[in-house]
Number of protein chains: 2
Amino acid sequence: MSVVIAIANQKGGVGKTTTVINLGAALAELGRRTLLVDMDPQSALSAGLGVDSYNLQRTIYNVLVDSEMPIQEVIHTVRPNLDVVPSNIDLAAAEVELISAIGREYVLKEALAPIRDQYDYVLIDAPPSLGLLTVNTLTAADQVIIPLQCEFLALRGMRSLLESISKIKAKVNPRLEIRGILGTMYNTRTLHAQEVMDEIRSLFGDKVFDVVIKSSIRFAEAPVVHQPILEYEPNHEGAAAYRKLAEEIINGEKTSQSQGQG
Amino acid sequence: MSVVIAIANQKGGVGKTTTVINLGAALAELGRRTLLVDMDPQSALSAGLGVDSYNLQRTIYNVLVDSEMPIQEVIHTVRPNLDVVPSNIDLAAAEVELISAIGREYVLKEALAPIRDQYDYVLIDAPPSLGLLTVNTLTAADQVIIPLQCEFLALRGMRSLLESISKIKAKVNPRLEIRGILGTMYNTRTLHAQEVMDEIRSLFGDKVFDVVIKSSIRFAEAPVVHQPILEYEPNHEGAAAYRKLAEEIINGEKTSQSQGQG
């Protein structure tokens, strides 16, 4: 049974899509069967891995609004061990169309159910909002990773996000856990970034991943040529950081499993 | 009584905020009392006019979720004739909090009601989604301007947007009209942009504004120094284009008023 991890933050531009692509690529590289699901209508995840989703007739949108459409029909294999369920701008309409659906929070969860056995990890890229697409993402997930930009006022908006997570845990998805907070866009040239990370660690303690993702223009360049940074520049420290994050994820899984059995 | 114009498209990066800032600045320059309302939680409009909204305790969010908070308390005058109601990332939570509100579609409309006499034009910057913040924006508006990027597949997503507009017109806001479709990011170096504009004109006829906004790095530079392009480079053709659009808007108003009286 796969572990389903949502990557969520209602702030745009904090590194959600970069994290889904590169954590996904790192897990695949380590031999884990990995599925990436694009729940953002702006479809940067799909584009960044070379799935030309604007021309696709069927995407996650069709799966969400048509309960007869199996998710298997919209899965694209992009690398060994790495599959993608793409989105495109059609998905923006689902935000509206699902409002009147019965069990509207559970639509993505139910869509994923038949394929959960086929993957070790399912990573879901949430849109930069707290609307119904994000609610579906968090309802379908076992865990959530929150990327936080290491900049002034990074925490603005965190309360709303944590409240949303709490509500979803209380009402529709009791097993949802915050897997970790990931510092992103860390600028080593300023003292300020370190101060922000210190503040984040003092607030969230061991919920903060050891690894921190540093700012790099390579993260902007790689998706233009449809590659994870692990391929685009395999020895870059950004690639190393996402490999380390993948190991933290895999090892944490083992730890919590053995704790569960112990 | 002011004319309230929504600038909407669920696609991100098509020039919504650029249009609100520069059309607003052009209307103000022509002596029209103009209010700009930021309904996007990513708050690029607020930032682009120098309203440091991240540090504000009260923004459009507070007005929407607290019916006791008058909108007058969150208006910032940024230039002669030009006022701004800012947003920040708090607004993302309103998308969720309003779901259970009675008359949830009308919250922005009611908030604007007491100040409509004080302005000639109210321009509202919608977020790149079709969720409840956009529904509120379209419910509060008399007219909608749709910016369309002059690029391949510009029309992808238009059907969903037009359907949303039709539904809002049918159910909550019968006087909502499409004021016009605005070609943006027109690249004069490619034949392709002209082909896209031709296609848009053949589909939407005289609903397409005569003026077309050309691509220019100046549109990215101006907000960094908190200026409309009309100030940043007053003689730039982008500034001229938005002045022409403002004149189309003002003259169109007179035409429809005199038609109404005739």
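Report on the accompanying structure. A quick note: this is a predicted structure, and the numbers were derived from the prediction, not measured. (Residues numbered from 1 in each chain as written. Chains lettered and ligands numbered in written order. Predicted model: local features only at pLDDT ≥ 70, side-chain atom pairs only at ≥ 80, totals over all residues. Heavy atoms only, no water.)

## A few points about unusual backbone geometry
- Residues other than glycine seldom take positive phi values, yet Asn81 of chain B does so here, at roughly 65°.
- On the basis of relative accessible area, Asn81 of chain B is assigned to the partly exposed category, the value being 32%. (Buried < 20%, exposed > 50% of the residue type's maximum accessible area, 1.4 Å probe, protein only.)

## With respect to the nonpolar core
- Counting 107 residues, the largest nonpolar core has Val37, Ile60 and Leu112 of chain A together with Val37, Ile60 and Leu112 of chain B as the members making the most contacts within it.
- Dropping the residues within four chain positions of it, Leu112 of chain B is found in contact with Leu35, Val37, Ile71, Val122, Ile124 and Ala140 of chain B. (Core = buried A, V, L, I, M, F, W, Y, C linked by side-chain atoms within 4.5 Å. Contact = heavy atoms within 4.5 Å.)

## Section: the pattern of salt bridges
Residue and element names in this part refer to chain A.
- Tallied over the entire structure, the rule returns 23 salt bridges over all chains.
- Where Arg79 meets Glu231, a salt bridge forms, and the shortest distance between an N and an O atom there is 2.4 Å. Of this pair, Arg79 sits in strand S3 (residues 76-79) while Glu231 sits in helix H10 (residues 229-232), placing them 152 residues apart in sequence.
- For Glu231, a relative accessible area of 35% corresponds to the partly exposed category.
- For Glu163, the salt bridge is made with Arg159, and the minimal N-O distance between the two is 3.7 Å. Taken as a pair, Glu163 and Arg159 lie in helix H7 (residues 158-171) at a separation of four residues, close to a single helical turn.
- Through salt bridges that share partners, Arg116, Asp142 and Arg175 make up one connected network. (Salt bridge = Lys/Arg side-chain N within 4 Å of Asp/Glu carboxyl O. Helix = DSSP H or I, 4+ residues; strand = E, 2+ residues; numbered from the N terminus.)

## As for the relation of the copies chain B and chain A
- Once chain B is rotated about the relating axis by 180° and shifted along it by 0.0 Å, it coincides with chain A to within an RMSD of 0.0 Å. Such a combination of rotation and displacement between the chain copies is what one expects of a two-fold axis. When C-alpha positions in chain B are compared against the rotation axis, the closest is assigned to Gly131 of chain B, at 3.5 Å.
- Both copies contact each other with a shared surface, as 100% of the interface residues of chain B are interface residues in chain A too. (Least-squares fit on C-alpha atoms with pLDDT ≥ 70 in both.)

## Digging into the interface of chain B and chain A
- Residue-level contacts link 23 residues of chain B with 24 residues of chain A.
- Overall, the association of chain B and chain A removes approximately 2,100 Å² of surface from exposure, summing both partners, and the carbon and sulfur fraction of that is 56%.
- Interface area lost by chain B to chain A is led by Tyr54, Ile89 and Arg156 of chain B, which between them contribute 28%.
- One salt bridge in this structure joins Asp90 of chain B and Arg156 of chain A, with 2.6 Å as the shortest N-O distance.
- Inspection of the region where chain B meets chain A yields 12 residue pairs in polar contact (both at pLDDT 80 or more).
- In terms of residue count, helix H4 (residues 91-97) of chain B provides more of the side of chain B that touches chain A than any other element does, four residues in total. (Buried area = accessible area lost by both parts, 1.4 Å probe. Polar contact = N/O pair within 3.5 Å; in protein donor to acceptor, adjacent residues only side chain to side chain.)

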